[in-house]
Amino acid sequence: MAWIKPIRYDKKTRKNWLIRLIISGSVNLLFILMYFFDSIILAGENSSSSEDFLLVLFAFLAGAMYFSVPVFVISLLKFIDSSMYLRRLKKNYFEIPKDKKLYEHDLNKLPRTNQAENMYAKDSLVGGLLYILAYAGFVAADIYYVIKWTRLGETDAIVLFVFMIIVHLFFLIFALYLFRQKDTTKYVDDVDLDASSTRKTRMSITRSITILVITSIISVMGVTTVFTMTKYIYVSRYGHYDKTLDGFKEKATMNINSEDLQNGVWSDRISNTEKGENLSPELSFDKVEGAEYYFIYMVDESANYWVHWVASDVREEELGTGANVKQYKNDPGFKYVGPYPPEGSGKHTYTIFVYAMKGTPDRDMELEFDEKSFSPDYMYYDYLNISKSGNPNEYGNVIAYGYISGTYSR
């Protein structure tokens, strides 16, 4: 039986991968554009047929992304690999096949004007060096991880360190595998003919880089997960951690009251509507021993934590209605805009959180106002409660906190 060396790609195959690449890339690009312009798509209180169509299209594209992203990545890698392969065929004096079926997929039957062999042996050296660099990078990350967390008392980190070191040996082993393929007496290029079939086919540089990229992405995700998991364990032991806002609320200890909240509904006068006066609510809460000041944070929980009130330096336990236009009128740290839910959007839940602060948070954060921002538990854990910036952070800057919640609708 005649020895056959397969033709891996032809012009038709490369064109097909290019078409898939363009289609999947277009879907991804359209979704990205619609995502960035969603405020324009969703603008206005009244829905029109064109807006409904755009919303349906947006939802369709969001679902299509689950398929289009992997298709795009695979198509891109295949297109690059096929282009490089056809380029190597041409450089090795082969005729570029339009359809490999015409040659029965056999490289021996492909017309050739000259002879060449092992023109890409050095690619094995390049590929091996890239894997060595990747291995060195991941080992450095592993060493940093174990030093960082064992110094902080997390002895369990040693077990994860050993596990990561073993996993990352893959890069070193694969590098040695590629270095072996430099030997031209045992390996030939995938575009070379070896009638004796005694030599193996060398892995092309595009394939070795593709494997490197995929395994590196997986390794980065693994290392990131290990860091995050260890931080989670550390925080659970020395700080606080709640998975949901409800869990965070359950641990509240301060009592908060407001005369502007009756039967669970906020008064019209605190709203920023045609019925309201845009006055900050009357508020009274427990005096907390050791608190230097109080931080007030009001959000619309029904609108992705839209921020309606930020008061970063309150020194009293009682605020009358309209403090924003009275004693705190000229305080840049006292910002308030009343509830103004879209008409017909139903009841929105507006919650005021009060944090008793021991001192100034030791973490810089961009405090957003009158737009979507941080949830109250995130504000607590990642900003207010940090008493000393470090790696990880130290906690205990919030002595106590409480909340009061009600609804408002138009």
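Here we summarise the structure given alongside this text. Computed from a predicted model, the values in this text were never measured in an experiment. (Residues numbered from 1 in each chain as written. Predicted model: local features only at pLDDT ≥ 70, side-chain atom pairs only at ≥ 80, totals over all residues. Heavy atoms only, no water.)

1. Side note on the overall build of the protein chain
1) Next: Across its full length, the protein chain carries eight helices and 14 strands.
2) Next: Here the protein chain holds 410 residues, and the buried ones make up 42% of them.
3) Next: Counting contacts in the protein chain only where the partners sit at least 6 residues apart, residues at least 24 apart contribute 72% of the total.
4) Next: When the accessible surface of the protein chain is split by element, carbon and sulfur atoms take 59% of a total near 22700 Å². (Helix = DSSP H or I, 4+ residues; strand = E, 2+ residues; numbered from the N terminus. Buried < 20%, exposed > 50% of the residue type's maximum accessible area, 1.4 Å probe, protein only. Contact = heavy atoms within 4.5 Å. Areas by Shrake-Rupley, 256 points an atom, 1.4 Å probe, with all protein chains shown as cover.)

2. Considering the sheet that holds strand 9 (residues 318–319)
1) Next: Across the sheet, which stays open at both edges, the three strands sit in the order 3-6-9 with antiparallel pairing between neighbours. Looking at strand neighbours, the two that pair on one side only are strand 3 (256–257) and strand 9, the edges of this open sheet.
2) Next: Looking at chain direction, strand 3 and strand 6 (residues 283–285) are connected through two bridges and run antiparallel. Across the sheet, I256 pairs through a bridge with F285, a residue of strand 6. (Pairing = 2+ DSSP bridges.)

3. Structural notes on the pairing of strand 7 (residues 293–300)
1) Next: Buried residues dominate strand 7, accounting for eight of its eight residues.
2) Next: Burial along strand 7 is two-sided: the residues Y293, F295, Y297 and V299 and Y294, I296, M298 and D300 are all buried.
3) Next: In this sheet, strand 11 (residues 348–357) lies alongside strand 7 in antiparallel orientation, the contact comprising eight bridges. In the strand pairing of strand 11, M298 is matched with I352.
4) Next: As paired strands, strand 7 and strand 8 (residues 306–314) are joined by six bridges and run antiparallel to one another. Residue pairing in the sheet places M298 in a bridge with W309 of strand 8.
5) Next: The turn joining strand 7 and strand 8, which pair antiparallel and follow one another in sequence, is formed by five residues; a positive phi near 55° is taken by N304.

4. Quick look at a nonpolar patch on the surface
1) Next: A surface patch of nonpolar side chains, amounting to about 610 Å² of accessible area, comprises V126, L130, L133, I209, V213, I217 and M221.
2) Next: Taken together, the elements giving at least two residues each to the nonpolar patch come down to helix 4 (122–151) and helix 6 (205–238).
3) Next: Examining the composition of the nonpolar patch, we find that four residues originate from one element, helix 6, more than from any other.
4) Next: Position of I209 among the secondary structure elements: in helix 6.
5) Next: On the basis of relative accessible area, I209 is assigned to the partly exposed category, the value being 34%. (Patch = residues over 30% accessible without salt bridge, like charges linked within 9 Å, V, L, I, M, F, W, Y side chains within 5 Å. Salt bridge = Lys/Arg side-chain N within 4 Å of Asp/Glu carboxyl O.)

5. Quick notes on the packing of aromatic side chains
1) Next: Across all of its chains, the model carries 25 aromatic pairs by this definition.
2) Next: An angle of 85° between the planes, with centres 5.5 Å apart, marks the rings of W309 and Y336 as edge-to-face. On the criterion of sequence distance, the pair formed by W309 in strand 8 and Y336 in strand 10 (residues 334–336) is long-range, its members being 27 residues apart.
3) Next: For W309, a relative accessible area of 0% corresponds to the buried category. (Phe/Tyr/Trp six-rings, centres within 6.5 Å; stacked < 30°, edge-to-face > 60°.)

6. Considering the environment of I80
1) Next: When you line up the elements, I80 lands in helix 3 (residues 49–91).
2) Next: We classify I80 as partly exposed; its relative accessible area is 40%.
3) Next: It is 9.3 Å that separates the C-alpha atoms of I80 and W17, two residues lying 63 residues apart in sequence.

7. Quick word on helix 8 (residues 376–384)
1) Next: Of all nine residues in helix 8, seven are buried; the element is thus mostly enclosed.
2) Next: When we look at burial in helix 8, the residues that qualify are P376, D377, M379, Y380, Y381, Y383 and L384.
3) Next: The inward-facing, buried residues of helix 8 abut helix 7 (245–250), strand 7, strand 11, strand 12 (386–388), strand 13 (394–395) and strand 14 (398–408).

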